[in-house]
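# Observations on the model geometry
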Amino acid sequence: MNLTASIAGITFPTCIMNAAGARCVTAEELEAIGNSRTGAIVTKSMTRDARDGNPSPRYVAFPHGSINSMGLPNLGHQAYVDLIPRLKEFNKPVIASVAGFSPDEFVDIATAIDAVKPDLMEINLSCPNIEGHPQIAYDFDAAEQLLTRIRKVVNRPMGTKLPPYFDPVHHDHMASILEQCRVDFISVINSIGNGLVIDPETDAVVIKPKGGFGGLGGAIIKPVALANVRAFALRFQGRIPIIGVGGIETGQDIYEHLLAGASAVQIGTAFVEEGTQMFARLEQELTTVLESKGLQSSTEAVGRLKEL
Ligand code: DHB
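The text that follows walks through the structure, step by step, so that each part is easy to find.

## Topic: the overall build of the protein chain
Scanning the protein chain from N- to C-terminus turns up nine helices and 16 strands. Its C-alpha atoms give the protein chain a radius of gyration of 18 Å, within 12% of the compact-globule value 19 Å for 308 residues. Reported as C-alpha extents along the three principal axes, the dimensions of the protein chain are approximately 50 × 50 × 40 Å. Each of the 308 residues in the protein chain was classed as buried or not, and the buried ones make up 56%. A separation threshold of at least 6 residues defines the contact pool for the protein chain, and within that pool the share at least 24 residues apart is 73%. In the structure as shown, the protein chain presents an accessible area of about 12700 Å², 51% of it carried by carbon and sulfur atoms. Measuring between centres, the 26 positive side-chain charges of the protein chain sit 5 Å from its 34 negative side-chain charges.

## Looking at the site of the ligand
Lining the immediate environment of the ligand, one finds 13 residues, of which Gly71, Leu72, Asn124, Asn129 and Asn190 sit closest. For the ligand, an oxygen atom lies 2.8 Å from a polar atom in the side chain of asparagine 124. Here asparagine 129 contributes a side-chain N or O atom positioned 2.8 Å from an oxygen atom of the ligand. Relative to its free-state accessible area of 290 Å², the ligand is covered by the protein chains to the extent of 92%. Classifying every residue of the shell around the ligand by side-chain character gives five nonpolar, seven polar and one charged.

## Regarding the sheet that holds strand β3 (residues 16-18)
Each strand in a sheet pairs with another by means of backbone hydrogen bonds, the pair being arranged parallel or else antiparallel. Within the open sheet, the eight strands sit side by side as β3-β16-β15-β10-β9-β8-β7-β4. Their pairing is parallel. The sheet is open, and its two edges are formed by β3 and β4 (41-42), each paired on a single side. Where helix α3 (residues 103-115) meets the sheet, its contacts fall on β7 (94-98) and β8 (120-124), and the angle it forms with β8 comes to roughly 165°.

## Comments concerning a nonpolar patch on the surface
Taken together, the side chains of Leu196, Ile198, Val205 and Phe213 define a hydrophobic patch exposed on the protein surface, amounting to about 350 Å² of accessible area. The residue isoleucine 198 is located in strand β12 (residues 198-199) in this model. Take isoleucine 198: its relative accessible area is 55%, and that puts it in the exposed class.

## Section: the side chain of aspartate 114
Along the chain, aspartate 114 turns up in helix α3. An unpaired buried charge is present at aspartate 114: no salt bridge exists, and arginine 156, the closest side chain of opposite charge, is 5.2 Å distant. Leaving out residues up to four positions away in the same chain, aspartate 114 has contacts with Met121, Val153, Val154, Asn155 and Arg156.

## Regarding the pairing of strand β9 (residues 158-162)
Within β9, five of the five residues are buried, which leaves it mostly tucked inside the rest of the structure. Sheet topology note: the β8/β9 ladder contains four bridges and is parallel. Along β9, the bridge assignment pairs glutamate 122 with glycine 159. Both β9 and strand β10 (residues 185-188) contribute to a ladder of four bridges, which runs parallel.

## What about the sheet that holds strand β14 (residues 213-217)?
Strand order in this open sheet of four strands is β5-β6-β14-β11, and the pairing throughout is antiparallel. Lying at the two open borders of the sheet, with one neighbouring strand each, are β5 (59-62) and β11 (192-196). Across the sheet, the mean angle from the axis of one strand to that of its neighbour is 40°, orientation sign disregarded. Here strand β6 (residues 65-68) pairs with β14 via three bridges, running antiparallel. Bridge pairing in β14 places isoleucine 67 opposite leucine 216.

The rules behind the values
- Residues numbered from 1 in each chain as written.
- Predicted model: local features only at pLDDT ≥ 70, side-chain atom pairs only at ≥ 80, totals over all residues.
- Heavy atoms only, no water.
- Helix = DSSP H or I, 4+ residues; strand = E, 2+ residues; numbered from the N terminus.
- Rg over C-alpha atoms; globule rule 2.2 N^0.38 Å.
- Buried < 20%, exposed > 50% of the residue type's maximum accessible area, 1.4 Å probe, protein only.
- Contact = heavy atoms within 4.5 Å.
- Areas by Shrake-Rupley, 256 points an atom, 1.4 Å probe, with all protein chains shown as cover.
- Lys, Arg positive; Asp, Glu negative; His and termini not counted.
- Charge placed at Lys NZ, Arg CZ, Asp CG, Glu CD.
- Near = heavy atom within 4 Å.
- Polar contact = N/O pair within 3.5 Å; in protein donor to acceptor, adjacent residues only side chain to side chain.
- Nonpolar A, V, L, I, M, F, W, Y, C, P; charged D, E, K, R; others polar.
- Pairing = 2+ DSSP bridges.
- Axes fitted to C-alpha atoms, helices over the stretch in contact; angles between N-to-C directions.
- Patch = residues over 30% accessible without salt bridge, like charges linked within 9 Å, V, L, I, M, F, W, Y side chains within 5 Å.
- Salt bridge = Lys/Arg side-chain N within 4 Å of Asp/Glu carboxyl O.

And the structure:
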């Protein structure tokens, strides 16, 4: 079975990789990903300076999902500038996830990271967990201005990580901005921001930051993720490749993301829960599903969703 993927001219040994955020902050975590069966190494979203992030508890799994408000704990961009050349030795694409607290910070980090040539750069416009900083991708003008500025300093393939949208007018608007800004790929979706989970035993919220509000991930978000992959795939018609993220636990979940139009997938919650052996399991399961459909490659499934 051929599970390779090609995105922005970069070949991925498999179409299955970790999502930014999950177990990908430290050199040890990133090397463990490099040593696994994952198809790429995706870093935690980096900021200019190192951060400890929000107070704990800040990630909790519950049946069929997770809630987190990590608060961008990361080593600071210089540590990733130093690390990326080593990560490239694992012979799979390295995707550097870039965040920031101001447009200047994004541009400065993107410039420094571009110089060490990650295979791709993923600009995170959708972190929901920093108090006082709204998700940039919900402000269409700000997102367009920022992507325009970053595009000017980035020579590597550059994509963006988006939050879920819930209205076709918003998909139309964002799709046209992304084409205008010459984005090379998108990753959809980030966690569904600012959900609330309540513990029935204690009558309390389950995470400490922001009064318990946090980003939702895991199985419960799959229909929203699939809808966003499909909505952008219909608009791009293959011009901009899509990495599907959200609610993947099984090979069937990956297959559904491919049908909706994803060329590759990223996995967050299930990777946090299961660890690096998950990638080999998902490869097996996806292979079984594709074989049962009479397909010889994951690429053949991309965008083949049937409508009624
Ligand atoms: C964090 C969460 C996100 O969903 C994201 O995109 C970036 C950072 C966090 O809380 O660390």
